[in-house]
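Listed here are the chains, written in short residue letters.
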Amino acid sequence: MEFMGDRATLLETGRFVQPHAGSAGDAMHSVDAVEAVDAVDGRGDNVVRTGGLGATENVDAEETAGVEARHRSAADHGDTASMSVLGALLLRRGDLDGAEPYLRGATADGDRAAANNLGVLLHQRGYADEAAGWWRIAAVAGSAAAAHALGRHFRERGDEPAAEYWLRQSAEQGHALGAYALADLLEHRGEDGAERWLRTAAEQGHREAAYRLARALERRAAEEARKGEGIGPLGPAGTPSCPAPVPAGRRDEGAAMDSTRGGRRVPATGAEGGARTAGGTRGDGMPPGGTQADRTPGVGVRADRGARGGDVAGGGGAVWQTDAGLRVLAEAEAARPGGAREPGLLDEAVQWHRQAAARGHRRAALHLGAILEKRGELREAGRWYLTAAKDGEARAACALGFLLRDAGDEESAAVWWLRAAQDGDGNAANALGALHAARGEAQSAERWYRAAMDAGDVNGAYNLGLLCAAQDRTAQAEQWYRRAAYAGHREAANALAVLLLQAGDHAGAEPWFSKAAEAGSVDAAFNLGILHVGRDDDRTALSWYERAAAAGHTEAALQVGIARLKEGDEQAAERHLRCAAGGGSAEAAFRLATVLDARRPPPGPPALGEPMAEKSECEEWYERAAEQGHRRAQVRVGMLAAARGDTAEAARWYREAAEAGSRSGAFNLGLLLAREGSEREAALWWTRAARAGHGRAALRLALLAARRGELAEGQRWCARAVELGPAEVAERAAKLREALIQELTA
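Keep in mind that this is a model prediction, so the values were computed, not measured.

Caption draft 1: Region of the structure containing the side chain of Arg591. Turning to its location among the elements, Arg591 is positioned in helix H28 (residues 586–599). Here Arg591 falls in the buried class, since its relative accessible area comes to 16%. A polar contact is formed between the side chain of Arg591 and the side chain of Glu587, at a distance of 2.7 Å.

Encoded structure:
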């Protein structure tokens, strides 16, 4: 049994069972009150120490020598209890030859503690079968520690029924190690009851049991979250996962969601642009592939939205993203309205993690920090990360680095990442690579990405692909993407497909898009939609867009909303547009506003003394799109402000739109300026609008030139207005041009 394989372990075992009553009772607290150490299945951190009845470490050498002398004297005179205690003392000291005769003597007199310890001694000498015989004798006599040792003995020999019998005997007597070992066996066999015995052991202070109980509770909570929230990598089509709509008057809430962070992603600045191409939605909001230009290979198709260092561990600072159960819990908590959270399984898991962490369990401290970080309790999360990191937990050091980076302390973050990377944490190596890439230090970035790959982190290969792509080393980028994709990295598969598509290899790209999408890449699902739009297969494209939208892809939700509007399904369109707008899409916010605007009754004339009405929801969405730089929304907000009589606000929005290239903004700004008497500046903006193709602006310039007597200039602008239209403008411009011609020829 590996937990008795050396002297250091032997001296801390709890198989010196219970104190005796009798003449040696005055010395029992210094002998039987020992720590119990049980190494479970060779797991490095699964060493559990539970306190006994006293603290033998505090007994000085002189007193110990005196106790031993008294027991030796009594033992030599045939006192059974003293023989048992003396044998235990000598066994603890490592004097096997000296301990054995005393233990055998006490055992012959029926002392069960001596029988148990004799089994320990024999096992230490390599006589496992004889040791098991003495453990059986002690266990039958009621020794829970011996029953535990016997159960472990049978389990190591593959006799699980016998192991379960004896471990259950030990556990039912309240032995913490027996309860833990029984739980481990039941969990290994996938049988019910493991959680009960973990709880029994944890309640007695068994730190590994507390940790594993917390993990079991997390798994149950994750399963409930999956059932209750319908969470998955790609949800069912037609059920978009999106933020709650922003209520009117509160556009600051629900601001643009960072769709690149399904979890924490290392921001590999300098490597990000390599695999990314033009966005999937054009400036006018039309679906990609809608024109011949959009069907150019690669245009409109994007690589990983999170092309920022790979799928490194996230949310919980290197724990949430790598732990499937915790990732589901993170998504479930994020999905709760207003962040509401009732006490439940996860809260109980936190309590057990806290108990185990307080007893020095470094992985419990890591998970506790992750949960606290996800809940926004960053200060306490940092303390637990620091505790675990100092105990040698590389993932905690990495997570602490992320916390420090997010707090703006990049240098301290780099120190912890370096420590974690040197301990073999690939995620930390990726973070260091991203840090150097952001500083333009490509060679150092490549070195750390290779270190991540050597540590077994496939993100290292993906990030090397991003780095090479950013340097226009396309062949090497394809090589690294392919390596990561074959290893199952879904975003690498998506990026590889983008490269192949850009190279004109449509047949080679589609299987990689499909593979990435089936593995859960929402970007790949979106890209498949773009690919099918380019083939005029709108039905298949829409199915992929719906699938990506259901997983929270903002641009896909926009495309589904546009498609539903074309079909006349305004209710479904509104639902998807709200999702896309809530995710930060300015085009979706504008289109949602137009849908809501069309439902409003036309405003009546303002009554005298009537207070100004509050902004409607459609105005809020217009403003939100305008604040994100949407030119048509800016013009619309300006028009609404002008209708309220707020000319200063209207001029501000018109000017912003005009300076961004909006011809309507330039025209409307010219109208405002002309009304205020700034005709010269108005003419400048009208000229800008007319040159951009605005027919009404050309007509205004023609009228302005005619008033000034510049007949030839007016005739030229009339011709431009006739050319640009619309029909009403063209008709008026044609009449004006005839009048100017008559004036010139008169």
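Back to the write-up after that little detour.
Caption draft 2: Here's a closer look at unusual backbone geometry. In this model, Gly725 is joined to Pro726 through a cis peptide bond whose omega is 5°. Inspection of the secondary structure puts Pro726 in the loop between helix H35 (711–724) and helix H36 (727–745). Even without being glycine, Asp472 reaches a positive phi, approximately 60°. Looking at Asp472, the relative accessible area reads 67%, which means it is exposed. The phi dihedral of Asp536 falls on the positive side, at around 65°, and the residue is not glycine. One can find Asp536 in the loop between helix H24 (522–534) and helix H25 (538–550). Exposure remark for Asp536: the relative accessible area of 53% places this residue in the exposed category.

Caption draft 3: Structural view of helix H17 (residues 410–422). Taking 1.5 Å as the rise per residue, H17 with 13 residues should run 18 Å; its terminal C-alpha atoms sit 18 Å apart, in good agreement. Where H17 is concerned, the buried positions are Ala413, Ala414, Trp416, Trp417, Ala420 and Ala421. Summarising the contacts, the buried residues of H17 are in contact with helix H15 (378–390), helix H16 (394–406), helix H18 (426–438) and helix H19 (442–454). One or two steps after H17, the chain reaches Gly424, where phi turns positive at roughly 95°.

Caption draft 4: Representation of the packing of H24 against H25. Relative to each other, H24 and H25 sit at 165°, their axes nearing to 8 Å. By the angle class used here, H24 and H25 are roughly antiparallel. In this structure, H24 crosses over H25, and the sense of that crossing is left-handed. Facing H24, whose interface residues are Val522, Ala525, Phe526, Leu528, Gly529, Ile530, His532 and Val533, H25 presents Asp538, Thr540, Ala541, Trp544, Tyr545 and Ala548. For the contact of H24 with H25, the per-class residue count stands at 10 nonpolar, three polar and one charged.

Caption draft 5: Examining the environment of Glu623 more closely. Considering the arrangement of structural elements, one finds Glu623 in helix H29 (residues 617–627). Take Glu623: its relative accessible area is 5%, and that puts it in the buried class. Along the primary structure Glu623 and Phe590 are separated by 33 residues, whereas in three dimensions their C-alpha atoms are 8.6 Å apart.

Caption draft 6: Representation of a positive patch on the surface in the model. A surface patch of positive charge is lined by Arg675, Arg696, Arg700 and Arg732. With respect to the helices and strands, the residue Arg675 is situated in helix H32 (residues 663–675). Classification of Arg675 by relative accessible area gives exposed; the value is 67%.

Caption draft 7: Layout of the pattern of salt bridges. Following the criterion strictly, the structure yields 48 salt bridges and no others. Residue Glu348 pairs with Arg199 through a salt bridge whose shortest N-O separation is 2.5 Å. Pair noted here: Glu348 is in helix H13 (residues 345–358) and Arg199 is in helix H10 (residues 194–203), with a separation of 149 residues, a long-range link. Note on Glu348: relative accessible area 21%, which makes it partly exposed. The class for Arg199 is partly exposed, based on a relative accessible area of 23%. Linked through salt bridges whose partners overlap, the residues forming this network are Asp97, Glu100, Arg104, Arg125 and Glu130.

Caption draft 8: Fine view of the confidence of the model for the protein. In this model, the protein carries an average pLDDT of 78, and 74% of its residues clear a pLDDT of 70 or more. Predicted confidence for residues 1–59 stays below pLDDT 50, and this span has 156 contacts to residues more than four positions away or in other chains. Contacts for the low-pLDDT stretch residues 243–317, under 50 throughout, to residues beyond four places or in other chains number 228 contacts.

Caption draft 9: Layout of the environment of Gln355. Along the chain, the position of Gln355 falls in helix H13. Those residues in contact with Gln355, other than ones at most four positions away along the chain, are Ala202, Gly205 and Ala210. A polar atom in the side chain of Gln355 sits 2.8 Å from the backbone oxygen of Ala202.

Caption draft 10: Seen up close, the packing of aromatic side chains. Considering all chains together, one arrives at six aromatic pairs under this definition. Between Tyr486 and Trp512, the ring centres sit 5.3 Å apart and the planes meet at 80°, which makes this aromatic pair edge-to-face. Taken together, the positions of Tyr486 in helix H21 (residues 474–486) and Trp512 in helix H23 (residues 506–518) put the pair 26 residues apart, joining distant regions of the chain. For Tyr486, a relative accessible area of 58% corresponds to the exposed category.

Caption draft 11: Up close: H32. For H32, with 13 residues, the first-to-last C-alpha span of 19 Å sits near the 18 Å given by 1.5 Å per residue. Of the residues making up H32, those classed as buried are Gly665, Ala666, Phe667, Asn668, Leu669, Gly670, Leu671, Leu672 and Leu673. Here the buried face of H32 lies against helix H30 (631–643), helix H31 (647–659), helix H33 (679–691) and helix H34 (695–708). The residue sitting at the N-terminus of H32 and contributing the capping side-chain oxygen is Ser662; that oxygen lies 3.5 Å from the backbone nitrogen of Ser664. Trailing H32 by a residue or two, Gly677 shows a phi angle of about 90°, which is positive.

Caption draft 12: Region of interest: the nonpolar core. If you look at the biggest cluster of nonpolar residues, it comprises 90 residues, and the most contacted ones within it are Tyr385 and Trp417. Ranked by the residues each element gives to this core, the list is headed by H16, at eight residues.

Caption draft 13: Here's a closer look at the packing of helix H6 (residues 128–140) against helix H7 (residues 144–156). Between H6 and H7, whose axes approach to 8 Å, the crossing angle comes to 140°. In terms of orientation, H6 and H7 fall into the oblique class. When you trace H6 past H7, the crossing you get is left-handed. In this structure, H6 uses Ala128, Asp129, Ala132, Trp135, Arg136, Ala138 and Ala139 to contact H7, whose residues at the interface are Ala146, Ala147, Ala149, Leu150, His153 and Phe154. When grouped by side-chain class, the residues that make up the contact of H6 with H7 number 10 nonpolar, one polar and two charged.

What counts as what
Residues numbered from 1 in each chain as written. Predicted model: local features only at pLDDT ≥ 70, side-chain atom pairs only at ≥ 80, totals over all residues. Heavy atoms only, no water. Helix = DSSP H or I, 4+ residues; strand = E, 2+ residues; numbered from the N terminus. Buried < 20%, exposed > 50% of the residue type's maximum accessible area, 1.4 Å probe, protein only. Polar contact = N/O pair within 3.5 Å; in protein donor to acceptor, adjacent residues only side chain to side chain. Expected span 1.5 Å × (residues − 1). Contact = heavy atoms within 4.5 Å. Axes fitted to C-alpha atoms, helices over the stretch in contact; angles between N-to-C directions. Parallel < 35°, antiparallel > 145°, perpendicular 65-115°, else oblique. Left-handed = near helix turned anticlockwise from the far one by under 90°. Nonpolar A, V, L, I, M, F, W, Y, C, P; charged D, E, K, R; others polar. Patch = residues over 30% accessible without salt bridge, like charges linked within 9 Å, V, L, I, M, F, W, Y side chains within 5 Å. Areas by Shrake-Rupley, 256 points an atom, 1.4 Å probe, with all protein chains shown as cover. Salt bridge = Lys/Arg side-chain N within 4 Å of Asp/Glu carboxyl O. Lys, Arg positive; Asp, Glu negative; His and termini not counted. Charge placed at Lys NZ, Arg CZ, Asp CG, Glu CD. pLDDT = per-residue confidence, 0-100. Phe/Tyr/Trp six-rings, centres within 6.5 Å; stacked < 30°, edge-to-face > 60°. Core = buried A, V, L, I, M, F, W, Y, C linked by side-chain atoms within 4.5 Å.

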